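Structural features, examined
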Amino acid sequence: MTEGAPKHVIIGITGGIAAYKAMTLIRLFKSAGCEVKVVATTNALEFVTPLTIETLSQNALYCDTFKRSEQFDVHHISHADWADCMIVAPASADIIGKMANGIADDALSTLLLAIKKPLFIAPAMNNKMYANEAVQRNLATLQQQGCHIIGPAEGFLACGTTGKGRMEEPEKIFDDVMGYFSKDLPLKGKRALVTAGPTYEPIDPVRFIGNHSSGKMGFALAEVLADKGADVTLVTGPTVQTTQQSHIHRVDVTTAAQMYEACLKYSADADIIIMSAAVADYTPAAPAPEKIKKNDSSLQLELVKTTDILASLGKNKRDGQYIVGFALETENELANAQTKLHNKNLDFIVLNSTKTPKSGFNYDTNQVTIIDRDGKITPFDLQDKHKVAQNIVDHLIAKF
Ligand code: CTP
């Protein structure tokens, strides 16, 4: 989850056809790791069912369909304390009027009066209603009170006309809310390219040359960068790793040549590049089109060198771009890593220890040493790969 992102989100739903889009909004916040509670008006439940809402949010629905005594239930007030933010989507002209004038006559409006957390509303109504003076006055009042108004958009309206009044798309509402919470993050607005995992170089249609890289280190780095606000492109070789971070754009590749092509495409825009993939240094010169039969007692394979992706990106490094590489050494570790740092034109290099038990390929832990261009050496203890990723990204932020 992005650092500073809301953990507890309340979605208020009012009566309007766009209520069905609020279901996608629930899904988006759930997918981002937020806990979601929904408060709906009785009219909203004409458009979407409690079962749908509860199944998607995995929480009990609060609404005003129960006895009137329910509307002052302290649970609704405790919701206001529980929430990190609240979003009313769709927000009808009715709820906008109530909010602007302090009216509390059902569960949703009561909660809205009690909440003191960042509040977002996504108006949705007919274009003439939206243009109405009273609605505009109420929206202006809400804005003065610090309420964030998202949309509405122009377009086709449920009543058959076209105009301004359509609820903004759930993805835009989600992005605006998350953007509000991530605006102070250190890597906000930065683009990062990360590589992860092994590459597989085909020998024939069923065999390949690969390595033991699990992709864990690269995925952890991509997640920490995204948590710090960066938009990350993660180019990964074959791996079972997954990520739910919505700011990570995953690009799957198989071979070193495909990884190179993807890196060329995404490096131009990248402010930060971290190459943690274990890229094959050699690939079969001519992969066999059919499965190779075991006719002879031995088999000779001709291998040709792959492009060194990191060296190529380092050569074309542009001003302001920050490039980090990894080094895996079994002897003369520091000296070899330092040579790679300079030959590949890196800002710093992360030396993976092959000597420390439980460090490196396929482990959940890693023991690394960071070497800077000026020769400064920073060793770290054996740590969980997520913590290692945090140390690397913190080092980068301090330099960036
Ligand atoms: N790397 C790369 N493209 C390659 C090989 C390596 O981008 N074809 C990158 C790796 O992702 C890593 C760095 O270069 O960030 C160093 O990789 P490493 O395997 O330690 O060293 P090599 O440069 O391949 O040299 P050697 O295998 O001889 O140690």
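1. Quick look at the packing of helix H4 (residues 93–101) against helix H5 (residues 107–114)
A packed helix pair is summarised by two numbers, namely the angle formed by the two axes and the spacing between the axes. Close contact between H4 and H5 brings their axes to 10 Å; oriented N to C, the two are set at 35°. As H4 runs across H5, the sense of the crossing is right-handed. For the pair formed by H4 and H5, the contact residues are Ile 95, Lys 98 and Met 99 on the first element and Leu 108, Ser 109 and Leu 112 on the second. Residue classes in the contact of H4 with H5 are distributed as four nonpolar, one polar and one charged.

2. Examining the site of the ligand
The immediate surroundings of the ligand are formed by 16 residues, with Met 275, Ala 277, Phe 326, Lys 340 and Lys 344 found nearest. Within the backbone of Met 275, a nitrogen or oxygen atom sits 2.7 Å from an oxygen atom of the ligand. Within the backbone of Ile 309, a nitrogen or oxygen atom sits 3.0 Å from a nitrogen atom of the ligand. Contact with the protein chains hides 77% of the accessible area of the ligand, taken as 570 Å² for the molecule alone. Looking at the shell around the ligand, the elements with two or more residues in it are helix H11 (309–315) and strand S17 (322–328). It is S17 that provides the largest number of residues to the shell around the ligand, a total of four residues. Among the residues forming the shell around the ligand, the class breakdown is nine nonpolar, three polar and four charged.

3. Notes on the environment of Cys 263
Inspection of the secondary structure assignment puts Cys 263 in helix H10 (residues 256–267). For Cys 263 and Val 194, which are 69 residues apart along the polypeptide, the C-alpha to C-alpha distance reads 8.8 Å. Cys 263 has contacts with Leu 193, Thr 195, Met 275, Ile 309 and Leu 313, leaving out every residue within four places of it along the chain.

4. Concerning the sheet that holds strand S2 (residues 35–40)
Strands belonging to one sheet form pairs held by backbone hydrogen bonds; the direction of such a pair is parallel or antiparallel. Strand order in this open sheet of six strands is S3-S2-S1-S4-S5-S6, and the pairing throughout is parallel. The open sheet has two free edges, formed respectively by strand S3 (62–63) and strand S6 (148–149), since each of these has just one partner strand. One ladder, built from two bridges, connects S2 with S3; its direction is parallel. The residue bridging Val 39 from the neighbouring strand is Tyr 62, located in S3. Relative to strand S4 (residues 85–91), helix H8 (residues 170–182) is tilted by about 160°, and along the sheet it contacts S4, strand S5 (119–123) and S6.

5. Some words on unusual backbone geometry
Trans peptide bonds make up the majority, and among non-glycine residues the majority have a negative phi. In this structure, Pro 90 follows Ala 89 across a cis peptide bond, with omega equal to -5°. Positionally, Pro 90 belongs in strand S4. Residue Pro 152 is bonded to the preceding Gly 151 through a cis peptide linkage, with omega at 5°. Within the secondary structure layout, Pro 152 lies in the loop between S6 and strand S7 (153–156). Even without a glycine there, the phi angle at Asn 345 is positive, about 55°. Its location among the elements puts Asn 345 in the loop between helix H12 (333–343) and strand S18 (348–352). The exposure class assigned to Asn 345 is partly exposed, which follows from its relative accessible area of 28%.

6. Details of a nonpolar patch on the surface
Nonpolar side chains collect at one region of the surface, where Tyr 282, Leu 299, Leu 301 and Leu 303 lie side by side and expose about 380 Å² of accessible area between them. Note on placement: Leu 299 falls in the loop between strand S15 (282–284) and strand S16 (303–305). Given the relative accessible area of 57%, Leu 299 is considered exposed.

7. Thoughts on the pattern of salt bridges
Summed over all chains, the structure comprises 14 salt bridges. The shortest N-O distance in the salt bridge between Asp 105 and Lys 98 comes to 2.9 Å. By relative accessible area, Asp 105 is classed as partly exposed at 35%. On the basis of relative accessibility, which here comes to 12%, the residue Lys 98 falls in the buried class. Lys 399 is the partner of Asp 372 in a salt bridge, and the nearest nitrogen-oxygen pair spans 3.5 Å. With Asp 372 in strand S20 (residues 368–372) and Lys 399 in helix H13 (residues 385–399), this residue pair connects regions lying 27 residues apart in the sequence.

Analysis parameters
- Residues numbered from 1 in each chain as written.
- Predicted model: local features only at pLDDT ≥ 70, side-chain atom pairs only at ≥ 80, totals over all residues.
- Heavy atoms only, no water.
- Axes fitted to C-alpha atoms, helices over the stretch in contact; angles between N-to-C directions.
- Helix = DSSP H or I, 4+ residues; strand = E, 2+ residues; numbered from the N terminus.
- Left-handed = near helix turned anticlockwise from the far one by under 90°.
- Contact = heavy atoms within 4.5 Å.
- Nonpolar A, V, L, I, M, F, W, Y, C, P; charged D, E, K, R; others polar.
- Near = heavy atom within 4 Å.
- Polar contact = N/O pair within 3.5 Å; in protein donor to acceptor, adjacent residues only side chain to side chain.
- Areas by Shrake-Rupley, 256 points an atom, 1.4 Å probe, with all protein chains shown as cover.
- Pairing = 2+ DSSP bridges.
- Buried < 20%, exposed > 50% of the residue type's maximum accessible area, 1.4 Å probe, protein only.
- Patch = residues over 30% accessible without salt bridge, like charges linked within 9 Å, V, L, I, M, F, W, Y side chains within 5 Å.
- Salt bridge = Lys/Arg side-chain N within 4 Å of Asp/Glu carboxyl O.

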